[in-house]
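The lines below spell out each chain.
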Amino acid sequence: MGAMQVVPRQGGGAVADFRAAEQVTEAWLANRRLSEHTRAAYRRDVAGWLAFCAASGRDPLRASFLDVNAYARELESRELAAATVARKLSGLSSWYDFLVKIRAVDANPVGGADRPYVSRDHSATVGLTPPEVDALLAAAGRAGARHRAVVTLLADLGLRVGELVGLDLGDVGWERGHRTVRFVGKGGRARRRALTAGASAALDDYLAVRGVDDGPLFMTSTGARIDRHGVFRLIRRLAREAGIPAADRLSPHSLRHAFATAARDEGVPLEDVQDAMGHADPRTTRRYDRDRHNLDRDPAYTLAAARARRAGA
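What counts, and at which threshold
- Residues numbered from 1 in each chain as written.
- Predicted model: local features only at pLDDT ≥ 70, side-chain atom pairs only at ≥ 80, totals over all residues.
- Heavy atoms only, no water.
- Helix = DSSP H or I, 4+ residues; strand = E, 2+ residues; numbered from the N terminus.
- Buried < 20%, exposed > 50% of the residue type's maximum accessible area, 1.4 Å probe, protein only.
- Contact = heavy atoms within 4.5 Å.
- Areas by Shrake-Rupley, 256 points an atom, 1.4 Å probe, with all protein chains shown as cover.
- Expected span 1.5 Å × (residues − 1).
- Salt bridge = Lys/Arg side-chain N within 4 Å of Asp/Glu carboxyl O.
- Core = buried A, V, L, I, M, F, W, Y, C linked by side-chain atoms within 4.5 Å.
- 1 Å grid on protein atoms, 1.4 Å probe; cavity = no way out; pocket = protein on both sides within 12 Å on 5 of 7 lines; lining within 4 Å.
- Points joined across faces, edges and corners; volume = space filled by probe spheres on them.
- Nonpolar A, V, L, I, M, F, W, Y, C, P; charged D, E, K, R; others polar.

For the protein, an unreviewed UniProt entry supplies the name Tyrosine-type recombinase/integrase and the organism Paractinoplanes rhizophilus.

In structure tokens, the structure reads:
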């Protein structure tokens, strides 16, 4: 990011004298409990805005909602999804909230901006059917122990890709008879999940190859931590090998959606799926459930069956 002098407003109280936008951003992030994945995304959001301001001759410290609107339209012209544009503006709004708090700007210009509408009842992520998940897992099994472990944890636990790549060997343990993984979820919340028998077996097979030295759980051949881009490429390559039609549009998040849909279809209560996925709002969990409008799940059938049982008793 380019340099940006942040100074107190005229008549304002004492504030930190930041000499570069990087320092402003890091000070903002230091005041929030976030996962490293979310921090990286917020850094990119701010960097994108500052680059737009530099290219268009705008001063980010004197920006108005009209400037933010212009930025939003520029993002939309790149054919980004409405949810992506909304997320970028949300991160930028949080950054400006911080600048208001340190009295570097008078108001948050994102507050009055025209943000794109994002339906809570729809997700643009391409999902997977249970047979497609099975085919993907089979392809991962043929590709080697590490790939099998990565895909199994995504499929069986519905983890976010940032949560997966952030795991260290020390995050794997045992609690009350359950094999578990601990990680920092969205919003900086410490979380834990139980490993299924399949996930545990896949992990053990991988650890037999990886070794038991401390460090990142999933490593590349050079010993570096795998990154989310590598997992994206892996999912698409394995999906092509498995013959999945939408292979080139899949992402690790597709397995997260499949987890939610399959869990609800198997009768897992919404609140349990919500807790497993780390959603603060149950409406978010419902959006992940691709089969929620399936007429086979209409509660009218359940009530009618119960009525019939009572009549026959």
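Caption draft 1: Molecular detail of the overall build of the protein. Helix and strand counts for the protein stand at 13 helices and three strands. Burial status across the protein gives 43% buried among its 313 residues. By sequence separation, contacts in the protein at least 24 residues apart represent 58% of the contacts at least 6 residues apart. Total accessible area computed for the protein in this model is approximately 16600 Å², and 52% of it derives from carbon and sulfur atoms.

Caption draft 2: View of helix α6 (residues 145-157). Counted at 1.5 Å a residue, the expected span for α6 with its 13 residues is 18 Å, and the 18 Å between its end C-alpha atoms agrees. His-147, Ala-149, Val-150, Val-151, Thr-152, Leu-153, Leu-154, Ala-155 and Leu-157 are the residues of α6 that are buried. Gly-158 lies just past α6 and shows a positive phi near 65 degrees.

Caption draft 3: Examining the pattern of salt bridges more closely. One pass over the structure, following the stated rule, counts 16 salt bridges. Across the pair Glu-175 and Arg-192 runs a salt bridge whose closest N-O atoms are separated by 2.3 Å. Placement of Glu-175 in strand β1 (residues 172-175) and of Arg-192 in strand β3 (residues 190-194) is noted, with a sequence separation of 17 residues between them. A salt bridge links Arg-179 to Asp-204, with the shortest nitrogen-to-oxygen separation between them at 2.9 Å. Remark: Asp-204 occurs in helix α8 (residues 197-210) and Arg-179 occurs in strand β2 (residues 178-184); sequence separation between them is 25 residues. By relative accessible area, Arg-179 is classed as buried at 11%. Three or more residues are tied together by salt bridges with common partners; here these are Asp-45, Arg-87 and Lys-88.

Caption draft 4: The nonpolar core, seen in detail. Counting residues in hydrophobic clusters, the biggest one holds 43 residues, and the most contacted among them are Leu-136, Phe-218, Val-231 and Leu-255. Counting only elements with at least two residues in this core, the list comes to α5 (130-143), α6, α7 (161-165), β2, α8, α9 (228-241) and α10 (252-265). It is α6 that contributes the most residues to this core, seven residues altogether. If sequence neighbours within four positions are ignored, Val-231 has contacts with Val-150, Leu-154, Val-161, Leu-164, Val-165, Ile-226 and Pro-252.

Caption draft 5: Structural detail: the layout of surface pockets. Here the second largest pocket defines a volume of roughly 340 Å³. Lining the second largest pocket are 17 residues, and of these Glu-36, His-37, Gly-162, Val-165 and Gly-166 lie nearest its centre. Elements with a contribution of two residues or more to the lining of the second largest pocket: α2 (36-56), α7, β2 and α9. With four residues, the single largest contributor to the lining of the second largest pocket is α2. The residue makeup of the lining of the second largest pocket, split by class, is six nonpolar, five polar and six charged.

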